[in-house]
2 protein chains.
Amino acid sequence: MYAFLIRHKTLLLYGLCLAVLLFLLKWLEVRLLLVDHAFELYIGGIAVLFTALGIWLTRKLTRPRVETIVVEKEIYVQKEQSFQVNEQELDSLGISKRELAVLGLMAEGLSNQEIADRLFVSLNTVKTHSSNLFEKMEVKRRTQAVEKAKRMNIIP
Amino acid sequence: MYAFLIRHKTLLLYGLCLAVLLFLLKWLEVRLLLVDHAFELYIGGIAVLFTALGIWLTRKLTRPRVETIVVEKEIYVQKEQSFQVNEQELDSLGISKRELAVLGLMAEGLSNQEIADRLFVSLNTVKTHSSNLFEKMEVKRRTQAVEKAKRMNIIP
DNA sequence: ACCAAAATCACCCAAAAGTATGAGCCCCGG
DNA sequence: CCGGGGCTCATACTTTTGGGTGATTTTGGT
């Protein structure tokens, strides 16, 4: 009910104005019929009044055109340096967990003995894993393994 | 004169319409005064007519109101990551041209002999450069040298 | 329970990497 | 001219890496 009133506010206002004007017409109609030459003035006044009313009504009813302008703003961001293991390559090469661990430490520059100490296994174990790793990666030496692994995103 | 007519075209048109309507008023005035209850219809018609005229005139005379809304759209652009040698570190370590060349090939996974072949020098020469390089970089083995060099942006 | 894969370990041996020492040549600056 | 730095090369030796072979244990799936 209230929303209806708000929504059609202008129309109601027009209706009210019209009612008032019509009342004036009625009232002036009776009085001016008794006076000579007043008729033309009466009619002229009506014409002007209702023209003004039409103008006013139009201004109220018409909506402003909305024009949206999109401005693109480029923001430069630093490339995120976060490493993500290429699981696909890992799987396809068939590298085991332990082999990958050895590879990672190799890339850090540790010697075989240092890797063994780090992983709590013997030097022989590290050599075995290395050997198996090189075979799977089809490389001949650790520097090749590391270079290839980085290229393939297996290690960071 | 012609420009004046163009410019005030709408106004002139309104004036013409007004003249026509007033003539109609005059003419209808004579005829409708002789008929009972026709007076109200006459006046009502005038009201409606001039309201319409006002509306029409407004549409012609006034510019349409335009509301401009500016929307900023953010676009994220990644920065190009191209390798650049860290000359400062290079200088401070005192690594020679040849030593750097050996380091680069080392990082590519080449053996000493392969590096020698690539640079057209003997295996002994490569060993000498390596030895000097490790001393300057304070590392014990090639994997360490490569890891450190990449970290320091000496090699890509 | 059985089986295959992964992990661990040992031993032997060759190849590669790394160290130490020494030398010659060239270029450049004092 | 001399000295220092860089480049090249050799030799001898040591250490580390990597390949081969074999074995045992552990783990996970059927």
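Everything here concerns the structure above.
What counts, and at which threshold
Residues numbered from 1 in each chain as written. Chains lettered and ligands numbered in written order. Predicted model: local features only at pLDDT ≥ 70, side-chain atom pairs only at ≥ 80, totals over all residues. Heavy atoms only, no water. Near = heavy atom within 4 Å. Polar contact = N/O pair within 3.5 Å; in protein donor to acceptor, adjacent residues only side chain to side chain. Helix = DSSP H or I, 4+ residues; strand = E, 2+ residues; numbered from the N terminus. Nonpolar A, V, L, I, M, F, W, Y, C, P; charged D, E, K, R; others polar. Salt bridge = Lys/Arg side-chain N within 4 Å of Asp/Glu carboxyl O. Buried < 20%, exposed > 50% of the residue type's maximum accessible area, 1.4 Å probe, protein only. Axes fitted to C-alpha atoms, helices over the stretch in contact; angles between N-to-C directions. Parallel < 35°, antiparallel > 145°, perpendicular 65-115°, else oblique. Contact = heavy atoms within 4.5 Å.

Overview of the protein's contact with DNA strand D
Taken together, the neighbourhood of DNA strand D is formed by 17 residues, with Arg 142 of chain A together with Ser 96, Ser 122, Asn 124 and His 129 of chain B sitting nearest. Sugar and phosphate atoms constitute 70% of the interface atoms of DNA strand D, taking the interface as everything within 4 Å of the protein. One of the side-chain N or O atoms of Arg 98 of chain B is found 3.0 Å from a phosphate oxygen in DNA strand D. Here a phosphate oxygen of DNA strand D and a side-chain polar atom of Thr 125 of chain B are 2.8 Å apart. If you list the elements that add at least two residues to the surface near DNA strand D, you get helix H7 (123-137) of chain A together with helix H5 (97-107) and helix H7 (123-137) of chain B. Residue contributions to the surface near DNA strand D peak at 4 residues, all from H7 of chain B. Of the residues in the surface near DNA strand D, the class split is 2 nonpolar, 9 polar and 6 charged.

Some points on the protein's contact with DNA strand C
Within the structure, DNA strand C sits among 16 residues, and Ser 96, Ser 122, Thr 125 and His 129 of chain A together with Arg 142 of chain B are positioned closest to it. For DNA strand C, the backbone portion of the atoms within 4 Å of the protein, that is sugar and phosphate, comes to 69%. Between a phosphate oxygen of DNA strand C and a side-chain N or O atom of Arg 98 of chain A, the distance comes to 3.1 Å. Within the backbone of Ser 122 of chain A, an N or O atom sits 2.7 Å from a phosphate oxygen of DNA strand C.

Description of the pattern of salt bridges
Inspection of the entire model under this criterion finds 6 salt bridges over all chains. Across the pair Arg 141 of chain B and Glu 114 of chain A runs a salt bridge, and its minimum N-O distance is 3.3 Å. Linking Arg 141 of chain B in the loop between H7 and helix H8 (142-151) with Glu 114 of chain A in helix H6 (residues 112-119), this pair reaches from one chain into another. For Arg 141 of chain B, a relative accessible area of 19% corresponds to the buried category. Overall, the relative accessible area of 30% leaves Glu 114 of chain A in the partly exposed class.

Observations regarding the packing of helix H6 (residues 112-119) of chain B against H7 of chain B
Residues and elements named next belong to chain B. Their axes nearest at 8 Å, the elements H6 and H7 cross at an angle of 110 degrees. Here H6 lies roughly perpendicular to H7, going by the angle between them. Counted together, Asn 112, Gln 113, Ile 115 and Ala 116 of H6 and Leu 123, Val 126, Lys 127 and Ser 130 of H7 form the full contact between these two elements. For the contact of H6 with H7, the class distribution of residues is 4 nonpolar, 3 polar and 1 charged.

Topic: the environment of Glu 135 of chain B
All names here are of chain B. Mapped onto the elements of the fold, Glu 135 is located in helix H7. The exposure class of Glu 135 is exposed, given its relative accessible area of 64%. For Glu 135 and Ala 145, which are 10 residues apart along the polypeptide, the C-alpha to C-alpha distance reads 10.0 Å.

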